[in-house]
Amino acid sequence: MTAVVPARTPEQEFQDRIDADDRVEPRDWMPDGYRRTLVRQIAQHAHSEIIGMQPEGNWITRAPSLRRKVILVAKVQDEAGHGLYLYGAAETLGADRDELLDMLHTGRQKYSTIFNYPTTSWADVAAIGWLVDGAAIMNQVPLTRCSYGPYARAMTRVCKEESFHQRQGFEAMMTLCHGTATQKRMAQDALDRWWWPSLMMFGPNDDASPHSAQSMAWGIKRFSNDELRQRFVDATVPQAQFLGLTVPDPDLRWDGKHWISGAIDWTEFQTVMRGDGPCNRERLRHRVAAHEDGAWVREAAAAYADKHR
Amino acid sequence: MSQPLWEVFVRSRRGLSHTHVGSLRAPDAHMALRHARDVYTRRQEGVSIWVVPAAEVVASSPDEKDAFFDPAGDKPYRHPTFYTVPDEVQHL
Ligand SMILES: [Fe+2]
Ligand SMILES: [Fe+2]
């Protein structure tokens, strides 16, 4: 016996599933906009992971000890892995990996603006782990409950690995802060340069973030940009105090519940976003060169595979 | 030239089945295994890996939800909870 249920449209079934906090899987029907939004977001995320290898990779050969060097190699390798999990997730939506890379290389898809800043001292590696990976974790933990199954699963793997990234950064920062006066100055200088760009990682303020509402309705986004940014500030200010460092924000104040930061200078963000940050061209040039330099390896592997088929 | 897509399955420890963990691109099976080790088991997450060409996977239904699974829906008598047993009867 089957009860008579009024037929639901695919759109309704899709939204029912989201509203029931159930997951969408690759071969389910989904609105075009949902698919497009996810492909763009996952690809941009994947690009950020692999471009993100560059600022820190810059210090591998100059790490101050063998211990710091193996840690840094492992971290940078993890970021490559994160990129691969995410390209894999994008492919479940019908995106083509080569095409995504091509979009990155030709500037048609973006990556996080944070990676367009230079790493001028060893303390920057420490600050990146502590602040940049710290901000990434705030953004990524809610994504482990994102409505799209493959993205959520990839983020679960990523988040497990990120916590080592943040802790090693904080530990390296602590070592500098307990070191000589010069080392402490290096640490403060790194915090001065990375603090604001880290806050900008959460994206525009809520009143200037037009796509957020739709992403929330689709269960892709769970918290607003400003909510996540506030959590990051609340978590990080006491850590800076513990290190004996000064957060470079004269307006920063405690309101009894939260640390309230001063206004963000979005014009700087826009400049870096447009491609005119300190390292935009260098990052992309390096990425394209690495891809082209690796072409002969891919060709040789393909020829070998053909021969043994 | 696009490399074939492979689905990766990892046995996390002896006594457990292989579980799907994700996918990757590689020119052949041998390279797929090597990449799978580097991408999915950097922290000893596995003791054994399978890689399967994604094109060879045969799946049950395009939208993963249709009449295919319905026949099992109205057969509660296949579950032990369907049966009433008095409290005083033990070991059932
Ligand atoms: Fe990462
Ligand atoms: Fe990381």
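Please refer to the structure higher up on the page.
Note that residues are indexed from 1 along each chain, following the sequence as it is written. Going through the entries in the order they are written, you letter the chains from A and number the ligands from 1. Reporting in this predicted model follows two pLDDT cut-offs: at least 70 for local features of residues, and 80 or more for side-chain atom pairs to be given and counted; totals over whole chains, interfaces and linings ignore these cut-offs and use all residues. The side-chain values count all of the structure's non-hydrogen atoms but skip hydrogen atoms and water molecules.

Novice: Would you take a moment to explain the overall build of chain A for this structure?
Specialist: Where helices and strands are cited, they refer to DSSP runs of H or I of at least four residues and of E of at least two residues respectively, numbered from the N terminus. Across its full length, chain A carries 13 helices and two strands. Within these notes, the globule rule equals 2.2 Å times the number of residues to the 0.38 power, and the radius of gyration is based on C-alpha atoms. Against the 2.2 N^0.38 benchmark of 19 Å for 309 residues, chain A shows a C-alpha radius of gyration of 21 Å, consistent with a compact globule. The principal-axis extents of the C-alpha atoms in chain A amount to approximately 80 × 65 × 35 Å. Think of it in three bands: with a 1.4 Å probe and only protein chains considered, a residue is buried below 20% of the maximum accessible area for its type, exposed above 50%, and partly exposed in between. Here chain A holds 309 residues, and 49% of them are scored as buried. Considering only contacts in chain A between residues 6 or more positions apart, those separated by 24 or more positions represent 77%. Contacts are assigned to residue pairs with any non-hydrogen atoms lying within 4.5 Å of each other.

Novice: I'm lost on the coordination of the iron ion (ligand 1) in this one. Help?
Specialist: Reference geometry at the metal: tetrahedral coordination by four donors gives ideal angles of 109.5 degrees; octahedral coordination by six donors gives 90 or 180 degrees. Residues and elements named next belong to chain A. For Na, K and Ca the donor cutoff is 3.2 Å, while for all other metals N, O and S atoms count as donors only within 2.8 Å; water does not appear among the atoms, so some sites may look incomplete. The coordination sphere of the iron ion (ligand 1) contains the protein donors Glu49 (OE), Glu79 (OE), His82 (ND1) and Glu162 (OE), at a distance range of 2.1 to 2.3 Å. Working rule for geometry: tetrahedral if four donors all subtend angles between 85 and 135 degrees; square planar for four, octahedral for six, if opposite donors exceed 155 degrees and the others stay between 65 and 115; irregular in every other situation. Between the four donor atoms coordinating the iron ion (ligand 1), the angles at the centre fall across 84 to 154°, so the site counts as irregular. Considered as a linear motif, the donors of the iron ion (ligand 1) on their single chain read E-x29-E-x2-H-x79-E. Separating the iron ion (ligand 1) from the iron ion (ligand 2) is a distance of 3.3 Å, and Glu79 supplies a donor atom to each of them. Linking Glu49 in helix α2 (residues 32–51) with Glu162 in helix α7 (residues 149–177), this pair joins segments that are 113 residues apart in sequence. A residue is classified by how much of its surface remains accessible, and Glu49, at 6% relative accessible area, is buried. Note on Glu162: relative accessible area 2%, which makes it buried.

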